[in-house]
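If you want the building blocks of each chain, they are given just below.
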Amino acid sequence: MSELFKNRHVTGWLMASPLVLVLSVFLVMPIIMIAIVSFWGATEWSIYPAFQFDNYAFLFGSDVTYRVFFNTFKYAFITWVFCLGIGFTAAYFLAFHVRSLTWQVALFLLCTIPFWTSNIIRMISWIPFLGRNGLANSTLMSWGVIDEPLEWLLFSDFSVILAFVHLYTLFMVVPIFNTMMRIDRSLIEAAADNGASGWQTLWHVIVPLTKPGIMIGTIFVVTLVMGDFITVRFMSGSQSANVGRLISNDISLLQYPSASATAVVLLVTVLLVIGILLRFVDIRKEL
Amino acid sequence: MEPRPRSFYILAAFFALFLLFLYGPTLTIAVLSFQGPEGGLTFPMRGVSLHWFRDLFQEQAVGDIWGAFRRSLVLGLMVMVTTVVVSVLGGLAFRKRFQGSAILFYLIITALVIPSILVSLGVGLIFSQGGLKVHWATSGFGSQLTWTLPFGLLIMFAVFNRFDRSYEEAARDLGASPWQTIRHVVLPIIAPSLIGVALFGFTLSYDEFARTLLTAGSYNTLPLEIFGMTTNVTTPVIFALGTLTTLFSFAIIGVFLVMAWIIGRRRKRAGSDAGKGMI
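Residues numbered from 1 in each chain as written. Chains lettered and ligands numbered in written order. Predicted model: local features only at pLDDT ≥ 70, side-chain atom pairs only at ≥ 80, totals over all residues. Heavy atoms only, no water.

**What to know about the interface of chain B and chain A**
Then, number 1: Of the residues lining the interface, 96 residues belong to chain B; the matching set on chain A comes to 87 residues.
Then, number 2: Interface area for chain B against chain A, summed over the two sides, is near 7900 Å², with a carbon-plus-sulfur share of 83%.
Then, number 3: Viewed at the interface, chain A and chain B are joined by seven residue pairs in polar contact (both at pLDDT 80 or more).
Then, number 4: Of the residues forming the side of chain B that touches chain A, the biggest block, 17 residues, is contributed by helix α1 (residues 6-32) of chain B.
Then, number 5: Of the residues contributing to the side of chain B that touches chain A, the split by class is 66 nonpolar, 24 polar and six charged. (Contact = heavy atoms within 4.5 Å. Buried area = accessible area lost by both parts, 1.4 Å probe. Polar contact = N/O pair within 3.5 Å; in protein donor to acceptor, adjacent residues only side chain to side chain. Helix = DSSP H or I, 4+ residues; strand = E, 2+ residues; numbered from the N terminus. Nonpolar A, V, L, I, M, F, W, Y, C, P; charged D, E, K, R; others polar.)

Written out as structure tokens, the structure reads:
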């Protein structure tokens, strides 16, 4: 029996070994490396090993850091609100109002296909809509709603958040739909039989039972937005910043130690947020 | 069937708007990529032509996009195969709890939530400090795996959570060795979900930007090339490229979906011998 017991661990590790190898080399070691380099020093063209807290001191001593972190949370929160609202409504429609399974699957696939296409192209594709002479402005002007083109449609916080919602709402739709499909339909009937209105059923039965899906969607959306740098750079026309952009700016100036220090703080922040969210959901149970 | 409530029509309209929001911009650039030679990045259309598509095939106009496409394609296939193999093995490993499996699980979650630029930065630093050259097929390949593997593994976890173990027991009772059980019973049953894993592996790699930014080296992958174009190309040629690569993605997704559908149908037809008696 003890032989068998030993075997279980050995075979487990054997089968997981390729996974362990990849994650050690390309996830754990890079994180350790970033942590080490965050204490190094830099000249204008090179970096040198050291053990100094200058990078962190500079980071925490600068107003820019706090503003940029605030901006990052702001983007994450606003995007989350919209993704949740839109994602929940779409998933609710699919799960409870579409009656045939074939249609459910087909419409669900329509929601997920953009996920498998290029994010950069999807960002670029907003330009003809939002630009000064874009579709939105020309339509609004032809309706007489506005007299001059709106300047804040493209290269603003508005376009950044619009792009985030556009890119990431399906990360809400998929887990919420998945959880909703597993809700026992007799519970809905029971609620109706007991005289609950549609809204009451939605609020007191469906929403509580959908919470795990909402949490998983939230984890995706929040981490993707907090770790982003390219959407903010592209959609704000380099006018707004979040933490990711702070890091990528340092990288382009070859200031790897200071980029690493910012990266460490960002990683800790993201993991804290995820740690809090994971208290509300057991991911392994929800798969 | 009861009549549809009014809320159905409101929600259906909402859903239609959502789909329009998802696909509208992509369709717009598809239309704009047929701009005439004088046309710009926005409407109105100044004539209809294939001018910008033709431009794509002239190296000097757009740089090395075909080389970039080839590299992205090869890299996507490499990542796809690796993701499928490693995810299946990982999924099998996680069916039984082993010492340290909880830590490994949290590591997978970390790979999923870590800001992508950290992977790029960290891998780039390791290679530069180790005196190695970054290359899309080594450092780029590994960096992309940290993004595709968590998805592959989550799919495998979901599959094995729903897996009926009595099939395996039956195989064992009939004298199958552990390897035979996996080869002839487990793998055929999970085969359709492997198509899903492969789809994730290929498309996520093909479109990945941030993780390859500092790890691809001197030869760009297609998303890097496209991003480079956004800063210096101001003609609809970028829409033409966007349209082509989106069409390519759709074609890939289509192939995978059709494969999954065919396997499902074959299984329905030939998978069960129930009711056929012992003749």
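**Some words on the packing of helix α4 (residues 65-93) of chain B against helix α7 (residues 136-161) of chain B**
All names here are of chain B.
Then, number 1: Relative orientation of the contacting elements α4 and α7 amounts to 40 degrees, with a least axis distance of 7 Å. Relative to α7, the element α4 is oriented oblique. Crossing angle aside, the handedness with which α4 passes α7 is right-handed.
Then, number 2: Of the residues assigned to the contact of α4 with α7, the class counts are 16 nonpolar, eight polar and one charged. (Axes fitted to C-alpha atoms, helices over the stretch in contact; angles between N-to-C directions. Parallel < 35°, antiparallel > 145°, perpendicular 65-115°, else oblique. Left-handed = near helix turned anticlockwise from the far one by under 90°.)

**Quick word on the packing of helix α9 (residues 178-207) of chain B against helix α12 (residues 237-270) of chain B**
All names here are of chain B.
Then, number 1: Put simply, α9 and α12 touch, their axes get as near as 10 Å, and they point 175 degrees apart. As summarised for this structure, α9 and α12 are arranged roughly antiparallel, according to the angle between their axes. Across the interface between the two elements, Pro-188, Ile-189, Pro-192, Ile-195, Ala-198, Leu-199, Phe-202, Thr-203, Tyr-206 and Asp-207 from α9 touch Thr-245, Phe-248, Ser-249, Ile-252, Ile-253, Phe-256, Met-259, Ala-260, Ile-263 and Arg-267 from α12.
Then, number 2: Its residues assigned to classes, the contact of α9 with α12 comprises 15 nonpolar, three polar and two charged.

**Considering helix α6 (residues 116-129) of chain B**
Residue and element names in this part refer to chain B.
Then, number 1: Across its 14 residues, α6 extends 20 Å between first and last C-alpha, which sits within 8% of the 20 Å expected from 1.5 Å per residue.
Then, number 2: Counting buried positions over the 14 residues of α6 gives 12, a clear majority of the element.
Then, number 3: Residues Ser-116, Ile-117, Leu-118, Val-119, Ser-120, Leu-121, Gly-122, Val-123, Gly-124, Leu-125, Ile-126 and Phe-127 constitute the buried set of α6. (Expected span 1.5 Å × (residues − 1). Buried < 20%, exposed > 50% of the residue type's maximum accessible area, 1.4 Å probe, protein only.)

**Details of unusual backbone geometry**
All names here are of chain A.
Then, number 1: Of note in the backbone geometry, Phe-155 takes a positive phi value of approximately 60 degrees without being a glycine.
Then, number 2: Within the secondary structure, Phe-155 is located in the loop between α7 (135-142) and α8 (157-181).
Then, number 3: According to the relative accessible area criterion, Phe-155 is partly exposed, its value standing at 39%.
Then, number 4: The phi dihedral of Ser-238 falls on the positive side, at around 65 degrees, and the residue is not glycine.
Then, number 5: On the secondary structure map, Ser-238 appears in the loop between α11 (230-235) and α12 (243-252).
Then, number 6: Residue classification places Ser-238 among the partly exposed residues on the basis of a relative accessible area of 44%.

**A word on the domain arrangement of chain B**
Residue and element names in this part refer to chain B.
Then, number 1: One can read the domain layout of chain B as domain 1 (25-57 + 234-267) and domain 2 (65-225).
Then, number 2: The centre of domain 1, based on its C-alpha atoms, is set 28 Å off from the matching centre of domain 2.
Then, number 3: Counting residues at the interface gives 13 residues for domain 1 and 16 residues for domain 2.
Then, number 4: For the pairing of domain 1 and domain 2, the buried interface totals around 1200 Å² over both sides, and the portion due to carbon and sulfur atoms is 81%.
Then, number 5: Run the count over domain 1 and domain 2 and you get zero salt bridges.
Then, number 6: There are two residue pairs in polar contact (both at pLDDT 80 or more) connecting domain 1 and domain 2. (Domains from an automatic or database assignment. Salt bridge = Lys/Arg side-chain N within 4 Å of Asp/Glu carboxyl O.)

**So, the UniProt feature "domain: ABC transmembrane type-1" (unreviewed entry) in chain A**
Then, number 1: UniProt's entry tags residues 69-277 of chain A with the feature "domain: ABC transmembrane type-1" (unreviewed entry), counted in the numbering of this structure.
Then, number 2: As a span, residues 69-277 of chain A carries 77% helix and 0% strand, and end to end its C-alpha atoms are 19 Å apart. (UniProt positions renumbered as here; feature names shortened; annotations may be inferred.)

**Considerations on the confidence of the model for chain B**
Regions with low pLDDT carry predicted coordinates that are not meant to be interpreted in detail.
Then, number 1: Put simply, chain B has an average pLDDT of 87, and 95% of its residues get 70 or more.
Then, number 2: Looking over chain B, one finds the lowest element-wise mean pLDDT in helix α3 (residues 59-62) of chain B, namely 60, and the highest in α4(B), namely 93. (pLDDT = per-residue confidence, 0-100.)

**A word on the UniProt feature "transmembrane region" (unreviewed entry) in chain A**
Residue and element names in this part refer to chain A.
Then, number 1: Per the UniProt record, "transmembrane region" (unreviewed entry) is annotated on residues 12-40, 75-95, 107-130, 150-177 and 256-281.
Then, number 2: For the annotated span residues 75-95, helix accounts for 100% and strand for 0% of the residues, and the straight-line distance between the end C-alpha atoms is 29 Å.
Then, number 3: The distance from the first to the last C-alpha atom of residues 107-130 is 27 Å, and the span holds 67% helix and 0% strand.

**Re the environment of B:Ile108**
Then, number 1: Among the structural elements, B:Ile108 can be located in helix α5 (residues 101-113).
Then, number 2: You can call B:Ile108 buried: its relative accessible area is 2%.
Then, number 3: Spatially, the C-alpha atom of B:Ile108 lies 34 Å from that of B:Met229, the residues being 121 residues apart in sequence.
Then, number 4: What B:Ile108 contacts, discounting residues up to four positions off in sequence, is A:Leu19, A:Leu23, B:Phe94, B:Pro150, B:Leu153 and B:Phe157.

**Notes on the domain arrangement of chain A**
Then, number 1: Split into domains, chain A comes out as domain 1 (1-27) and domain 2 (63-286).
Then, number 2: Each of domain 1 of chain A and domain 2 of chain A was reduced to a C-alpha centroid, and the two centroids are 36 Å apart.

**Remarks on the UniProt feature "transmembrane region" (unreviewed entry) in chain B**
Then, number 1: The sites that UniProt annotates as "transmembrane region" (unreviewed entry) are residues 73-94, 103-127, 147-164, 185-206 and 237-263 of chain B.
Then, number 2: For residues 103-127 of chain B, the helix share is 92%, the strand share is 0%, and the end-to-end C-alpha distance is 26 Å.

**Description of the packing of aromatic side chains**
Then, number 1: This structure, assessed with the given rule, holds 41 aromatic pairs over all chains.
Then, number 2: What links up through ring pairs into an aromatic cluster is the set A:Tyr75, A:Phe115, A:Trp116, A:Phe164, A:Tyr168, A:Phe171, A:Phe220, B:Trp147, B:Phe151 and B:Phe200.
Then, number 3: The ring of A:Tyr75 carries A:Lys74 above its face, with NZ or CZ at 5.6 Å from the centroid.
Then, number 4: For the cation-ring pair, B:Arg4 lies above B:Phe8, with the distance from its terminal atom to the ring centre recorded as 4.2 Å. (Phe/Tyr/Trp six-rings, centres within 6.5 Å; stacked < 30°, edge-to-face > 60°. Lys NZ or Arg CZ within 6 Å of the ring centre and 35° of its normal.)

**Side note on a nonpolar patch on the surface**
Then, number 1: A cluster of nonpolar side chains, namely A:Leu21, A:Val25 and A:Met29, defines an oily patch on the protein surface of about 260 Å² accessible area.
Then, number 2: Mapped onto the fold, A:Leu21 is located in helix α1 (residues 2-37). (Patch = residues over 30% accessible without salt bridge, like charges linked within 9 Å, V, L, I, M, F, W, Y side chains within 5 Å. Areas by Shrake-Rupley, 256 points an atom, 1.4 Å probe, with all protein chains shown as cover.)

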